[in-house]
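Geometric and topological summary
Take a look at the letters that make up each chain.
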Amino acid sequence: PAVTSPCKILKCNSEFWAATSGSHHLGTEEAPEFCTALRAYAHCTRRTARTCRGDLAYHSAVHGIDDLMVQHNCSKDGPTSQPRLRTLPPGDSQERSDSPEICHYEKSFHKHSAAPNYTHCGLFGDPHLRTFTDTFQTCKVQGAWPLIDNNYLNVQVTNTPVLPGSTATATSKLTIIFKSFQECVDQKVYQAEMDELPAAFADGSKNGGDKHGANSLKITEKVSGQHIEIQAKYIGTTIVVRQVGRYLTFAVRMPEEVVNAVEDRDSQGLYLCLRGCPLNQQIDFQTIRSAQATEGRARRKGPSLPAPPEAFTYETATAKCREKLPVEDLYFQSCVFDLLTTGDVNFMLAAYYAFEDVKMLHSNKDKLHLYERTRDLAPGNMAPSGTPAALWVALLCLSQCWLCLL
């Protein structure tokens, strides 16, 4: 159930915006009046600071006030009389005290504030996780696990074995809880399962409910039964959920401020999109892939690995994945791994669509592709850290020449 927040930042915001509407047209002779309203705004936010700790709109207002103070050369010392509220014209039903800007994350940033920094997290396939910090992992995580758990949003996935007795798992259920947020949205729950990708919340609605900013949370069906998109503008977040074959994929674009809005930071250990999978749940699929490739090239030289469920060999899996993923990055490698472990060609499509979602949602186009890090050489074959390889080659040659001279 929704609980009324003691945070009164909405009142501070509405009083300031009502008093300064159209103030960007103010001449220099009216600047003192604007500064007075701005100081009153700052005073109001200080009064509610204790009850607004962790509130997104509150922190946005505080940063915005500082920027406007600098922009208009306002002194922090001076009169702070309460601004005179502007009288609404008769019949104006569109303008209310809970300004729509409060329910639009990007609009809540003042024109001269720094733009928010967006991050991306995705889960797909067997399953492969790309965290908010662009770490790429392959995990077991069978059963229910939290992907996201912050002050505004909770996402939980359930992963089940792809085949009886198999260690390969994939996402069979997804639950998303949008928590009640000020005057914008009511609490809403979205649930998807295998062969059931609804285009509505659990209560049948398609937006945030009866509050003023209900349309700042909306579900859009892109492809019936296969692809939905949820826009949560009040927290600047976009979520994409797909069903590919029998299983689900998840992708999200979220501001860093929302990502890190967690009261109890000790509880972030199981927040997979932020912290990644626990070490005991991670799979080094590059090592397994290399073993499978080696086994495919040398079947006659020793005992072979267990045969894949279908007819995919390393070579045929590589060729199949290259059809949709021409760049041999970690998405390509995860595709090959999934085809070898499951034999299901739909996992190729899952990797393809996961990368398509990255292209749409990731804010840094230079980080779309992720590649396997260069592995350190084994002890005894490794030059000391920080020494250029070319230098060691030169030193080796010099030492050989010195021995010849001796």
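Everything quoted here is computed from the prediction, not taken from an experiment.

**A word on the overall build of the chain**
- When helices and strands are counted, the chain shows 10 helices and 12 strands.
- By residue count, 44% of the 406 residues in the chain fall in the buried class.
- In the chain, the proportion of contacts linking residues at least 24 apart, taken out of those at least 6 apart, comes to 59%.

**Focus: the nonpolar core**
- Residues Phe132, Leu147, Ile148, Ile176, Phe178 and Phe250 are the most contacted members of the largest nonpolar core, which totals 51 residues.
- No other element matches strand S11 (residues 247-255), which puts four residues into this core.
- Dropping the residues within four chain positions of it, Ile148 is found in contact with Phe132, Leu153, Asn154, Val155, Phe250, Val252, Met254, Tyr271 and Cys273.
- One finds Phe312, Cys321, Leu330 and Met348 within the second-largest nonpolar core, a separate group that totals 20 residues.

**Structural notes on the state of the cysteines**
- Per the counting criterion, the structure on display carries five disulfides.
- The disulfide partner of Cys35 is Cys74, and the gap between their sulfur atoms is 2.0 Å. Taking the sign of the torsion about the S-S bond as the criterion, the disulfide between Cys35 and Cys74, at about -75 degrees, is left-handed. Placement of Cys35 in helix H2 (residues 31-47) and of Cys74 in the loop between helix H3 (56-71) and strand S1 (118-124) is noted, with a sequence separation of 39 residues between them.
- The buried category is assigned to Cys35, whose relative accessible area is 8%.
- The disulfide bridge from Cys121 ends at Cys273, spanning 1.9 Å between sulfur atoms. A torsion of -75 degrees about the S-S bond marks the disulfide between Cys121 and Cys273 as left-handed. Separated by 152 residues along the polypeptide, Cys121 in strand S1 and Cys273 in helix H5 (residues 272-275) bring together distant segments of the chain.
- The class for Cys273 is buried, based on a relative accessible area of 0%.

**Examining the pairing of S11**
- Taking burial as the measure, the nine residues of S11 include eight buried ones, the bulk of the element.
- Taken together, the six bridges between S1 and S11 define a ladder with antiparallel strand orientation. Of the residues in S11, the one forming a bridge with Leu123 is Phe250.
- Of the pairings in the sheet, the one linking strand S10 (residues 237-244) to S11 comprises seven bridges and is antiparallel in character. Across the sheet, Val241 pairs through a bridge with Phe250, a residue of S11.
- The turn linking S10 back onto S11 is made up of two residues, and Gly245 within it adopts a positive phi angle of 70 degrees.

**Quick notes on the pattern of salt bridges**
- Enumeration over the complete set of coordinates arrives at six salt bridges.
- Note that Asp134 and Arg130 form a salt bridge whose closest N and O atoms lie 3.0 Å from each other. In this pair, the class of Asp134 matches that of Arg130, namely buried.
- The partner of Glu323 in a salt bridge is Lys320, and the shortest N-O contact between them spans 3.6 Å. Of this pair, Glu323 and Lys320 both sit in helix H7 (residues 314-324), three residues apart, which is roughly one turn of the helix.
- Overall, the relative accessible area of 56% leaves Glu323 in the exposed class.

**Some remarks on the packing of aromatic side chains**
- Under the criterion given, the structure shown has nine aromatic pairs.
- Summarising the aromatic geometry, the rings of Tyr152 and Phe181 are spaced 5.7 Å apart at their centres and angled 70 degrees between planes, so their arrangement reads as edge-to-face. Of the two residues, Tyr152 is situated in the loop between strand S4 (143-149) and strand S5 (153-161) and Phe181 in the loop between strand S6 (169-178) and strand S7 (188-193); the sequence distance between them amounts to 29 residues. Of the two residues, Tyr152 and Phe181, neither departs from the other in class, the shared state being buried.

The rules behind the values
Residues numbered from 1 in each chain as written. Predicted model: local features only at pLDDT ≥ 70, side-chain atom pairs only at ≥ 80, totals over all residues. Heavy atoms only, no water. Helix = DSSP H or I, 4+ residues; strand = E, 2+ residues; numbered from the N terminus. Buried < 20%, exposed > 50% of the residue type's maximum accessible area, 1.4 Å probe, protein only. Contact = heavy atoms within 4.5 Å. Core = buried A, V, L, I, M, F, W, Y, C linked by side-chain atoms within 4.5 Å. Disulfide = S-S within 2.5 Å. Pairing = 2+ DSSP bridges. Salt bridge = Lys/Arg side-chain N within 4 Å of Asp/Glu carboxyl O. Phe/Tyr/Trp six-rings, centres within 6.5 Å; stacked < 30°, edge-to-face > 60°.

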